Amino acid sequence: MNAMNRRAFLAMMAGGEAVSGGVLSFTAHGDGGTPAAGATPNAMPMGGTAAAFMTITNGGSADDRLVSAKTDVTQMVEIHEMKDKNGVMEMSPLPDGLPIPAGTTVELKPGGYHVMLFGLKHDLVAGEQYQLTVTFEQAGDVTLDVPIFASLSAFEASDRVEPVTAGDLKIEGIWTRMAPAMTDGATPASGATPTH
């Protein structure tokens, strides 16, 4: 991975990286982090990356599950989780999807659950938007307009994000951070799910 790709990925995820068995690790430092011991930057996803965030409320009596997502702006998409493991933030895919239990709200946010986009086909520019189709076991396919913001604080200051209802689910707080595509012949991470 070239230095430009690596810097952009680090800026987006706010931490250092290591890849092992499909798990990305990030040191948990407030200063943006440094590479974790055993870091292997050349094994990281190449090309531009980004993440989509949202809050999903299940107002029904039956559990649901976010099982996949797809978009035309990227080569591959996965549902991911980040969590602190002994002072190191680890990011890994959720192959069985993300449960949305009945009567609960699940937040996809920086540093937690998120929809990971690998191999951006073009820059994600603040002020623009793209479409993301998320698929649930019960609610089915739901297409979202995802606005792009320069930062979390810019998203929080905005009032332009409209909630979307799909069956018993209410999806709100939909956004993504701007990101460069950096198309230089790079390929996405192995094991990532192709978009349709």
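This one's a predicted model, so the numbers in the text were calculated from it and none came from an experiment. (Residues numbered from 1 in each chain as written. Predicted model: local features only at pLDDT ≥ 70, side-chain atom pairs only at ≥ 80, totals over all residues. Heavy atoms only, no water.)

## Some remarks on the overall build of the protein
The cut-off we apply is this: Numbering of helices and strands runs from the N terminus, with a helix taken as a DSSP run of H or I at least four residues long and a strand as a DSSP run of E at least two residues long. Whether a residue is buried, partly exposed or exposed follows from its accessible area with a 1.4 Å probe, protein chains only, as a fraction of its type maximum: under 20%, in between, or over 50%, in that order. Contacts between residues were defined by any pair of non-hydrogen atoms, one from each residue, lying within 4.5 Å. Surface exposure here means Shrake-Rupley accessible area, sampled with a 1.4 Å probe, where a residue is shielded only by the protein chains that are shown.
Secondary structure summary: the protein contains two helices and 14 strands in total. Across the 196 residues that make up the protein, the buried fraction comes to 44%. Relative to all contacts within the protein whose residues are 6 or more apart in sequence, the contacts with residues 24 or more apart total 70%. Total accessible area on the protein stands at roughly 9200 Å², and carbon and sulfur atoms take up 50% of it.

## Some words on the nonpolar core
Put simply, the rule is: Throughout, nonpolar core names a set of buried Ala, Val, Leu, Ile, Met, Phe, Trp, Tyr and Cys residues whose side chains join them through atoms within 4.5 Å.
Judged by nonpolar contacts, the single largest core of 38 residues is most densely connected at Met-54, Val-115 and Val-134. Residue contributions to this core peak at six residues, all from strand S3 (residues 49–58). If near-sequence neighbours (up to four positions away) are discounted, Val-134 is found in contact with Met-54, Leu-66, Ser-68, Ala-69, Gly-140, Asp-141, Val-142, Leu-144 and Ile-171. Grouped together as the second largest cluster of nonpolar side chains are six residues, Met-76, Met-82, Met-89 and Phe-118 included.

## A look at the pattern of salt bridges
Basically, it comes down to this: Salt bridge, as used here, is a side-chain nitrogen of Lys or Arg placed within 4 Å of a carboxyl oxygen of Asp or Glu.
A complete count under the given rule lists two salt bridges for this structure. Between Arg-65 and Glu-137 there is a salt bridge; the shortest N-O distance is 3.7 Å. In this pair, Arg-65 is assigned in strand S4 (residues 64–70) and Glu-137 in the loop between strand S10 (129–136) and strand S11 (140–149), connecting sequence segments 72 residues apart. Of the residues examined, Arg-65 reaches a relative accessible area of 24% and is grouped as partly exposed. Notably, a salt bridge pairs Glu-172 with Lys-170, separated by 3.9 Å at the nearest N-O pair. On the accessibility criterion, Glu-172 (28% relative accessible area) is partly exposed.

## Observations regarding the side chain of Thr-74
In plain terms, the rule: Pairs of N or O atoms are called polar contacts if they sit within 3.5 Å, as long as, within protein, a hydrogen donor faces a hydrogen acceptor (for residues adjacent in sequence, only side-chain-to-side-chain pairs).
Residue position: Thr-74 is located in strand S5 (residues 74–85). Taking relative accessible area as the criterion, Thr-74 reaches 0% and is therefore assigned buried. From its side chain, Thr-74 meets the backbone oxygen of Gly-119 in a polar contact 3.5 Å long.

## Comments concerning the pairing of S3
Short version of the rule: Only strands joined by at least two bridges in the DSSP assignment are considered to pair.
Judged by how many residues are buried, S3 sits mostly within the fold: nine of 10 residues are covered. As defined by bridge partners, S3 adjoins strand S9 (residues 114–120) across four bridges and the pair is classed as antiparallel. Bridging across to S9, Ala-50 finds its partner in Leu-117. Across six bridges, S3 lies against strand S13 (residues 169–177) in antiparallel orientation. Note on S13: the bridge partner recorded for Thr-57 is Lys-170.

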